[in-house]
Amino acid sequence: MQPIGTFVQRPVLPARLERLRDVAYNLRWSWDHDSRALFRRLDADLWERTRHNPLLLLGRADQSTLERAADDAGFLAHFDRVVASLDSYLQNPSTWFDRTTRSAADHRRVATPLVAYCSAEFGITESLSIFAGGLGVLAGDHLKSASDLGVPLVAVGLLYRQGYFRQQITAAGRQHEAYEANDISTWPLTLQRTTEGAPLTVGIDLPGRTVVVQLWRAIVGRVHLYLLDTDVPLNAAADRDITAQLYGGDIERRLQQEIVLGIGGVRALGALGIAPSVWHMNEGHAAFCALERVRQAMDAH
């Protein structure tokens, strides 16, 4: 029997708690202790079992748990405080960057530069497993700091469907790399679409074919992180796996990933109508973005 299709479970939130979804979809909760405490308060055991993933927590929580929370005065007071804090954070017109640039310009408004931060990995939270170690943690902290300071920054990375491997040791004492498929339906991501509603894509030329790349967005406080994904039905099976594993595969696969990240990153922001003033490459993984920028400059001028 053929499967009918794939169904994604979504939480049925009581009306009073509807904005839990806003809190869960903005990754500010990953460094805001009061927000994390709110999800832990909802179901502490489930919070641990879901590896601190708010969307997965809400999707797996018993409906009775959600209904009780909606009638719990203490939980509601905590919920209202977290929502108000998020709104105040996002709407604050006086960030460090805003105050500093206005002071430097004698309080005259000047054109705001936009920095594009391009990295092979971003370590924002353990439940968003698109990072391996220090490079990703550094990139994630850059996004969090830029958000807190109000620095105009947009980030570009890759969406790894299998993430980074988990180490297993065989009976002979050898390391075995085990990859697990990530369920991105439980991640705080939004597929970017055209005005007609179709997935927004860009094309990357590889030998003998064009690879289609679709774009996902994660919100990290005030910063938008766009993740590039080649797992698109239009691509051949081998090309769908280009973004499957972080640092996986041979030299050719790594080169393909760096082409998608660098060239695809520049084209993706262009397709979104975003025009950065400065591009920052976190190590050499995104070096191809420099070549794509040169190509575009030559075409334009």
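What you see is a predicted model; the values in this text were computed from it and never measured. (Residues numbered from 1 in each chain as written. Predicted model: local features only at pLDDT ≥ 70, side-chain atom pairs only at ≥ 80, totals over all residues. Heavy atoms only, no water.)

## Some thoughts on the overall build of the chain
Per the secondary structure count, the chain includes 11 helices and nine strands. Burial status across the chain gives 46% buried among its 301 residues. Pairs at least 24 residues apart make up 64% of the contacts formed inside the chain by residues separated by at least 6 positions. By element, 53% of the accessible surface of the chain is carried by carbon and sulfur atoms, the whole surface being about 15500 Å². (Helix = DSSP H or I, 4+ residues; strand = E, 2+ residues; numbered from the N terminus. Buried < 20%, exposed > 50% of the residue type's maximum accessible area, 1.4 Å probe, protein only. Contact = heavy atoms within 4.5 Å. Areas by Shrake-Rupley, 256 points an atom, 1.4 Å probe, with all protein chains shown as cover.)

## Some details on the side chain of Lys 144
Structurally, the position occupied by Lys 144 is in helix 8 (residues 134-149). Lacking a salt bridge, the buried Lys 144 has Asp 141 as its closest oppositely charged neighbour, with an N-O distance of 4.2 Å. Beyond its immediate chain neighbours, meaning those up to four positions away, Lys 144 contacts Ser 30, Trp 31, Gly 123 and Ile 124. (Lys, Arg positive; Asp, Glu negative; His and termini not counted. Salt bridge = Lys/Arg side-chain N within 4 Å of Asp/Glu carboxyl O.)

## Some points on the pairing of strand 2 (residues 153-158)
For strand 2, the tally of buried residues reaches six of six residues, placing the bulk of the element in the interior. Residue alternation in strand 2 divides its side chains into two sets, Leu 153, Ala 155 and Gly 157 and Val 154, Val 156 and Leu 158, and both sets are buried. The sheet contact formed by strand 1 (residues 115-118) and strand 2 spans four bridges and is parallel. Bridge pairing in strand 2 places Ala 116 opposite Val 154. (Pairing = 2+ DSSP bridges.)

## Let's talk about the side chain of His 52
Inspection of the secondary structure assignment puts His 52 in the loop between helix 3 (44-49) and helix 4 (54-60). Of the polar contacts made by the side chain of His 52, one reaches the side chain of Glu 48; its length is 3.1 Å. Ignoring sequence-local partners within four residues, the contact set of His 52 consists of Trp 29, Arg 36, Trp 47, Thr 125, Glu 126 and Ser 127. (Polar contact = N/O pair within 3.5 Å; in protein donor to acceptor, adjacent residues only side chain to side chain.)

## Considering unusual backbone geometry
Its identity as a non-glycine residue notwithstanding, His 52 has a phi of 60°, on the positive side. Residue class for His 52 comes out buried when judged on its relative accessible area of 13%.

## Some details on the pattern of salt bridges
Pairing is possible between side chains of opposite charge, provided their charged atoms come close. Throughout the structure, instances matching the rule amount to 13 salt bridges. Two residues, Arg 240 and Asp 231, come together in a salt bridge whose shortest N-O distance is 2.8 Å. Put simply, Glu 292 and Arg 295 hold a salt bridge, and the shortest N to O gap is 2.7 Å. Taken together, the residues Glu 292 and Arg 295, both in helix 11 (residues 288-300) and three residues apart, mark about one turn of the helix. The exposure class of Arg 295 is partly exposed, given its relative accessible area of 36%. Within the structure, one salt-bridge network assembled from shared partners comprises Arg 161, Asp 229, Asp 231 and Arg 240.

## Observations regarding the pairing of strand 6 (residues 201-206)
Judged by which residues are buried, strand 6 turns out to be one-sided: Val 202, Ile 204 and Leu 206 face inward and are buried, whereas Thr 201, Gly 203 and Asp 205, on the alternate face, are not. Following strand 6, the chain reverses through two residues before pairing antiparallel with strand 7 (residues 209-220); Gly 208 in that reversal takes a positive phi of roughly 80°.

## Structural notes on helix 2 (residues 33-42)
Regarding helix 2, the residues found buried are Ser 35, Arg 36, Leu 38, Phe 39 and Leu 42. On an axial view of helix 2, the arc spanned by its buried residues comes to 150°, and they lie on one face. On its buried side, helix 2 packs onto helix 1 (20-25), helix 3, helix 4, helix 5 (63-70) and helix 6 (73-91). (Arc of directions from axis to C-beta.)

## Things to note about the nonpolar core
One finds Phe 39, Phe 122, Leu 143 and Leu 225 to be the most contacted residues of the largest nonpolar core, which totals 76 residues. The element best represented in this core is helix 10 (residues 251-271), accounting for seven residues. Apart from residues no more than four positions distant in its own chain, Phe 39 is found in contact with Leu 20, Val 23, Ala 24, Trp 29, Trp 47, Pro 54, Leu 57 and Leu 58. (Core = buried A, V, L, I, M, F, W, Y, C linked by side-chain atoms within 4.5 Å.)

## Section: the state of the cysteines
What the rule picks out here adds up to zero disulfides. Just so you know, Cys 289 is unpaired, no disulfide at all, and the nearest cysteine sulfur is the one on Cys 118, 5.3 Å from it. (Disulfide = S-S within 2.5 Å.)

## Examining the packing of aromatic side chains
Each aromatic ring pair is specified by the distance between its two centres and by the angle formed by the two planes. Following the criterion strictly, the structure yields three aromatic pairs and no others. Here Trp 29 and Trp 47 contribute two aromatic rings whose centre-to-centre distance is 6.2 Å and whose plane-to-plane angle is 75°, an arrangement assigned as edge-to-face. Placement of the pair is Trp 29 in the loop between helix 1 and helix 2 and Trp 47 in helix 3, with a sequence separation of 18 residues. Here Trp 29 falls in the buried class, since its relative accessible area comes to 2%. With a centroid separation of 5.9 Å and 10° between ring planes, the pair formed by Phe 39 and Trp 47 is classed as stacked. You can call Phe 39 buried: its relative accessible area is 1%. Judged by its relative accessible area of 0%, Trp 47 falls in the buried class. A cation over an aromatic ring shows up here: Arg 28 above the ring of Tyr 89, its NZ or CZ 4.4 Å from the ring centre. Of note, Arg 222 hangs over the ring of Tyr 89, and the distance from its end group to the ring centre comes to 4.1 Å. (Phe/Tyr/Trp six-rings, centres within 6.5 Å; stacked < 30°, edge-to-face > 60°. Lys NZ or Arg CZ within 6 Å of the ring centre and 35° of its normal.)

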